[in-house]
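Residues per chain, in single letters:
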Amino acid sequence: MYGQGLIKGLRITLKHFFEKKITQQYPEERPNLPERFKGSLTLNVPKCIACGLCSNACPNHVIKIESQKDENNKKKLTGYKVMLERCLFCGFCVEACPTKALEWTKEFELTKFYREDVNLDLFKGYVPSPDDDKPAKPENEDTAQAS
Ligand code: SF4
Ligand code: SF4
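These notes cover the structure that comes with them. (Residues numbered from 1 in each chain as written. Chains lettered and ligands numbered in written order. Predicted model: local features only at pLDDT ≥ 70, side-chain atom pairs only at ≥ 80, totals over all residues.)

## Some details on the overall build of the protein chain
Move 1: Each helix and strand in the protein chain was counted, giving four helices and five strands.
Move 2: The helix and strand sequence of the protein chain, counted from the amino end, reads α-β-α-β-β-α-β-β-α.
Move 3: Intrachain contacts of the protein chain at a sequence separation of at least 6 include 75% that bridge at least 24 residues. (Helix = DSSP H or I, 4+ residues; strand = E, 2+ residues; numbered from the N terminus. Contact = placed C-beta atoms within 7 Å.)

## Concerning the site of ligand 1
Move 1: Around ligand 1, the surrounding shell consists of Ala 57, Cys 58, Asn 60, Val 62, Ile 63, Cys 87, Leu 88, Phe 89, Cys 90, Gly 91, Phe 92 and Cys 93.
Move 2: Residue composition of the shell around ligand 1, by class: ten nonpolar, two polar and no charged. (Near = placed C-beta within 6 Å. Nonpolar A, V, L, I, M, F, W, Y, C, P; charged D, E, K, R; others polar.)

## Some points on the environment of Asp 117
Move 1: Structurally, the position occupied by Asp 117 is in the loop between strand E4 (102-104) and strand E5 (120-121).
Move 2: With 32 residues separating them along the chain, Asp 117 and Glu 85 place their C-alpha atoms 9.6 Å apart.

## Description of the nonpolar core
For soluble globular proteins, nonpolar side chains are generally found buried alongside one another.
Move 1: Core analysis: the largest hydrophobic core is formed by 19 residues, its most contacted members being Leu 43, Cys 54, Ile 63, Val 82, Cys 93, Leu 102 and Leu 122.
Move 2: At the level of elements, strand E1 (41-43), strand E2 (63-69) and strand E3 (75-82) are the ones that each hand at least two residues to this core.
Move 3: The greatest single-element share of this core, amounting to three residues, is contributed by E3.
Move 4: Leaving out residues up to four positions away in the same chain, Cys 54 has contacts with Ile 63, Cys 93, Ala 96, Cys 97 and Leu 102. (Core = buried A, V, L, I, M, F, W, Y, C linked by C-beta atoms within 7 Å. Buried ≥ 20, exposed ≤ 12 C-beta atoms within 10 Å, placed from the backbone.)

## Quick notes on the sheet that holds E5
Move 1: The strand order across the open sheet built from three strands is E2-E3-E5, with neighbouring strands paired in antiparallel fashion. Only two strands of the sheet have a single neighbouring strand rather than two, namely E2 and E5.
Move 2: Looking at chain direction, E3 and E5 are connected through two bridges and run antiparallel. Paired with Val 82 across the strands is Leu 120, a residue of E5. (Pairing = 2+ DSSP bridges.)

In structure tokens:
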């Protein structure tokens, strides 16, 4: 029948016209992101034991860790850089971290004017405190105690 496609199209338009609106008025309204959303990465420096598991787990060699040994022969983190421009957002690094020092944030506005600003220095700006010497507990230790 002539015009059948037009009628079909209009029917779909009308159906959506009376449905509940789902468009979010970003940026005026902030999006309600899912719990497991992978935005940017953040590092809780005192919890990091400089084990390098995150760096080893990364398939794209995105994470560069610097560390040195203290007077007790214990590794101390001295630098932590993430070349976010090469990140696949796969999450292997976060999963590999035994102390949950490395986590995802819900920050999704990651565009920058200069390319070099895309990369993250997660150690920069960190100020050591006396509490840092408390040993970080591996996450599965809690689980083991609970069971
Ligand atoms: S999310 Fe994947 S690609 Fe990105 S830093 Fe972590 S392991 Fe590497
Ligand atoms: S895996 Fe976790 S604790 Fe180990 S170096 Fe990476 S962020 Fe630090």
